[in-house]
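Each chain, letter by letter, is given below.
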Amino acid sequence: MSAVNDTKFKPAVFLLTGIPGQEDVHLWISIPFCLIYVISIVGNSVILFIIKTDTRLHEPMYIFLSMLAFSDLGLSIATIPTMLGIFLFNFREISFDACFAQLFFIHTLQCIESSVLLLMAFDRFFAIHDPLRYASILTLPRIVNMGLVCVLRGVAVILPLTILLKQFRYCRANVLSHSYCLHQEVMKMACSDITVNNIFGLFTKLVTMGLDLLLIILSYVMILKTVLSIASHDQCLRALNTCVSHLCAILLFYTPDISLVVMYRFWNGSSHLLQIVLSYISLLVPPLMNPVVYSVKSKHLRARIIRVFVK
């Protein structure tokens, strides 16, 4: 009898879903997803390889970029395989434990990426506000410690959410509306009281990504104030140009994520298809576009990449 109850309350599998209403063209949809997967993996791997092997790129800005590439690489590995499993082979099942592992890695890596974007904002601030002390402030040991804090912070915030989620009883339908597991969606499958998880989930979102974004905005206010005090127009434009790549990365990461939070928490009447599309954008576009943006804007990185592929 207890075995039956366990099966009832903790299903052996969850069923993932592709794009509702588009099942007939899932095979065609898989083509751009495969391309995105390959480009994301190759692009971020190349960035990591070049920064590691070229000692001239062992500067704070590029070390932070390698952290960003690492989190993007992990995000692609954690999400796209289950997407391709659905679109290519209609393989929808994911085990209970695998689902929780996936949502843990997705949310942890997103939290880490948010922290790294904040560190990159600090990097730009110190480089523009106090260039003479820039190298002495952002030393390699200090940067390594910052990176470790980012990882520990992500794990410390998301692990309790995952553990709480796993304690729930699941007696409702086990069909998820995405092709990967997310905390807010798995939580809705529970028949237990999810009030604590719901409040804690919103709280962690605010004190991680919300706080990070606020500090990033404050950093750029200070950067803008410093830049406007520069007498030379050319130097002013040069200083701002060093921030373009980072600003693009911020927009790519936070815009869809904020939109999703608003829809899930406060706009219940929003289109379900729009939520799914935004969710795909939030997970797929940053790992795809960050290597492209930084390769285009960074002359040294671009030159090194060209040399690697020309050889």
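This report concerns the structure included in the present document. (Residues numbered from 1 in each chain as written. Predicted model: local features only at pLDDT ≥ 70, side-chain atom pairs only at ≥ 80, totals over all residues. Heavy atoms only, no water.)

**Regarding empty space enclosed by the protein**
Taking a probe equal in size to a water molecule and rolling it over the atoms shows the remaining empty space. Inclusion rule: The distinction between a cavity and a pocket rests on a 1 Å grid over the protein atoms alone: a 1.4 Å probe fits inside a cavity but cannot get out, while a pocket stays open yet meets protein on both sides within 12 Å along at least five of seven lines, and a residue with an atom within 4 Å of a point counts as lining. Grid points are joined across faces, edges and corners, and a volume is the space filled by probe spheres set on the points. Each helix is a run of DSSP H or I of at least 4 residues and each strand a run of E of at least 2, with the numbering of both proceeding from the N terminus. Here the term charged refers only to Asp, Glu, Lys and Arg, the term nonpolar to Ala, Val, Leu, Ile, Met, Phe, Trp, Tyr, Cys and Pro, and the term polar to all other amino acids, Gly among them.
Enumeration according to the criterion identifies two cavities of 30 Å³ or more in this entry. By volume, the largest cavity amounts to about 370 Å³. As for the largest cavity, its lining consists of 25 residues, of which His-107, Gln-110, Gln-184, Lys-205 and Val-261 are closest to the centre. Of all the elements in the fold, those that place two or more residues in the lining of the largest cavity are helix H4 (96-129), helix H6 (140-166), helix H7 (183-188), helix H8 (195-228), helix H10 (244-266) and helix H11 (272-297). It is H8 that provides the largest number of residues to the lining of the largest cavity, a total of six residues. Residues that form the lining of the largest cavity fall into these classes: 12 nonpolar, 10 polar and three charged.

**Some points on the layout of surface pockets**
In this structure, the largest pocket encloses a volume near 470 Å³. If you go around the largest pocket, you meet 19 residues; those closest to its centre are Met-61, Tyr-62, Arg-124, Asn-241 and Thr-242. Those elements that place two or more of their residues in the lining of the largest pocket are helix H3 (60-89), H4, helix H9 (233-241), H11 and helix H12 (299-310). Grouping the amino acids of the lining of the largest pocket by side-chain chemistry returns nine nonpolar, five polar and five charged.

**Considering H8**
Here is the rule we go by: A helix is expected to reach a length of 1.5 Å times the quantity of its residues less one. Given a residue, its bend is the angle between the two axes fitted to the seven residues that end at it and to the seven that start from it.
With 34 residues, H8 should cover 50 Å at 1.5 Å per step; its first-to-last C-alpha distance of 48 Å lies within 8% of that length. Along H8, the sharpest kink reaches roughly 30°, centred on Gly-210.

**Concerning the state of the cysteines**
A covalent bond between the sulfur atoms of two cysteines is referred to as a disulfide. Rule in force here: Criterion for a disulfide: a pair of cysteine sulfur atoms at a distance within 2.5 Å. A simple rule labels every residue: compare its accessible area, found with a 1.4 Å probe on the protein chains alone, to the largest value its type can have, and call it buried under 20%, exposed over 50%, or partly exposed in between.
Across all of its chains, the model carries one disulfide by this definition. Two residues, Cys-99 and Cys-181, share a disulfide whose sulfurs are 2.0 Å apart. Where Cys-99 bonds to Cys-181 through sulfur, the torsion about that S-S bond is close to -120°, and the disulfide is left-handed. Here the residue Cys-99 occupies a position in helix H4, and Cys-181 occupies one in the loop between H6 and H7, the gap between them amounting to 82 residues. Cys-181 matches Cys-99 in its accessibility class, with the two residues each being buried.

**Things to note about H6**
Cut-off, in case you're wondering: Here, two residues are considered to be in contact whenever any of their heavy atoms come within 4.5 Å of each other.
Given a rise of 1.5 Å per residue, 27 residues ought to cover 39 Å, and the 39 Å separating the end C-alpha atoms of H6 matches this to within 8%. Those residues of H6 lying buried are Ile-143, Gly-147, Cys-150, Gly-154, Val-157, Ile-158, Leu-161, Thr-162 and Leu-165. Tucked into the core, H6 has its buried residues touching H3, H4, H7 and H8.

**Structural notes on the packing of H4 against H8**
The line we're drawing: Comment: axis = line fitted to C-alpha atoms, over the contacting stretch for helices; angle = value between 0 and 180 degrees taken between N-to-C directions. Throughout this description, any angle smaller than 35 degrees is read as roughly parallel, any larger than 145 degrees as roughly antiparallel, any in the 65 to 115 degree range as roughly perpendicular, and the remainder as oblique. Crossings are sorted by hand: turned counterclockwise from the far helix by less than a right angle, the near helix makes the crossing left-handed, and turned clockwise it makes it right-handed.
Where H4 meets H8, the axes come as close as 9 Å, and the angle between the chain directions of the two elements is 15°. Here H8 runs roughly parallel to H4, going by the angle between their axes. Considering how the two elements wind past one another, H4 and H8 form a crossing that is left-handed. Note on element contacts: H8 touches H4 through Thr-208, Met-209, Asp-212, Leu-215, Ile-216, Ser-219, Tyr-220, Met-222, Ile-223, Thr-226 and Val-227, opposite Gln-110, Cys-111, Ser-114, Ser-115, Leu-117, Leu-118, Ala-121, Phe-122, Arg-124, Phe-125, Ile-128 and His-129. Along the lines of polarity and charge, the residues of the contact of H4 with H8 split into 14 nonpolar, seven polar and two charged.

**Describing the nonpolar core**
Our working definition: The term nonpolar core refers to a set of buried residues drawn from Ala, Val, Leu, Ile, Met, Phe, Trp, Tyr and Cys, joined through side-chain atoms within 4.5 Å.
Within the largest apolar cluster, 43 residues are counted, with the highest numbers of intra-cluster contacts made by Leu-65, Leu-117, Ile-216, Tyr-254 and Leu-301. Element by element, the count of residues in this core is highest for H4, at 10 residues. The contacts of Tyr-254, once residues within four sequence positions are left out, are Ser-114, Leu-117, Met-209, Asp-212, Leu-213 and Ile-216. Listed in part, the 23 residues of the second largest apolar core include Ile-19, Ile-106, Tyr-280 and Leu-288.

**Thoughts on the side chain of His-178**
The following threshold applies: In the analysis that follows, any N or O atom pair within 3.5 Å is treated as a polar contact, provided that within protein one partner can donate a hydrogen and the other can accept it, and provided that, for residues neighboring in sequence, both atoms belong to side chains.
In this fold, His-178 is placed in the loop between H6 and H7. With a relative accessible area of 1%, His-178 lands in the buried category. Polar contacts involving the side chain of His-178 include one to the side chain of Glu-185, which spans 2.8 Å. Those residues in contact with His-178 that sit more than four places away from it in its chain are Leu-16, Thr-17, Glu-185, Tyr-264, Gln-275, Ile-276 and Ser-279.

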